[in-house]
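Reading the structure
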Amino acid sequence: MRLKVEGNEAFLRARFEDTSSTYRVAVPPLGESQKTRQTFNLTDGKADFFLFTIKETLYYFVYSTGGADTWGDLYKVEKDLIKPIAGTGKWADGGNFAFQRILEPGDYLLRVTSETGKAEGTYQIGISTSLPEDYQ
């Protein structure tokens, strides 16, 4: 489910700064795909937070794979502001999310939760500078 920034700035900022509960995701070089090696679980009822840093302006594909019906919210961190970029729960497979966007250099925060609030299951996060094999 979508989490609005307005009214939730302190919550998002705290999660962004809490390195013990925010996972860092590597961003691949141009033309490559990088998936997290860790599998994440939605059964705990809480959102998972991921941090990644974009170093060059490119067209990126940020997505989830797996059996869980996931929703993703993408935010860009700009100084003291957290700017909402996109939010979606659907992609080609119907249960995972994906963003296809030009992203500029900076820090990004990805919040992943159940799309319905009730879904359970596992998932992985991927970032690619080309369309990943999972979605071809």
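Look above for the structure.
Okay, so let's go over this structure. (Residues numbered from 1 in each chain as written. Predicted model: local features only at pLDDT ≥ 70, side-chain atom pairs only at ≥ 80, totals over all residues. Heavy atoms only, no water.)

**Some points on the sheet that holds strand 6 (residues 70-78)**
Taken in spatial order, the five strands of this open sheet run 1-4-9-6-7, and their pairing is mixed. Every interior strand has two partners, whereas the edge strands, strand 1 (22-24) and strand 7 (81-88), have only one. Neighbour-to-neighbour, the strand axes of the sheet open up by a mean angle of 25°, direction not taken into account. Pairing analysis gives eight bridges linking strand 6 to strand 9 (residues 106-114), with the strands arranged antiparallel. In the strand pairing of strand 9, L74 is matched with L110. (Pairing = 2+ DSSP bridges. Helix = DSSP H or I, 4+ residues; strand = E, 2+ residues; numbered from the N terminus. Axes fitted to C-alpha atoms, helices over the stretch in contact; angles between N-to-C directions.)

**A short note on the pairing of strand 4 (residues 48-54)**
It is a general feature of regular strands that their side chains alternate between the two faces of the sheet. Along strand 4, six of the seven residues are buried, which leaves the element largely enclosed by surrounding structure. Two strands pair when backbone bridges link them, and strand 1 and strand 4 are joined in this way by three bridges, in the parallel orientation. In the strand pairing of strand 4, T22 is matched with F49. Strand direction decides the pairing type here: strand 4 and strand 9, joined by seven bridges, are antiparallel. (Buried < 20%, exposed > 50% of the residue type's maximum accessible area, 1.4 Å probe, protein only.)

**Quick look at the environment of I102**
Turning to its location among the elements, I102 is positioned in strand 8 (residues 98-103). With a relative accessible area of 58%, I102 lands in the exposed category. Separated by 43 residues in the primary sequence, I102 and Y59 have C-alpha atoms spaced 4.1 Å apart. Residues within four places of I102 in sequence aside, it is in contact with T57, L58 and Y59. (Contact = heavy atoms within 4.5 Å.)

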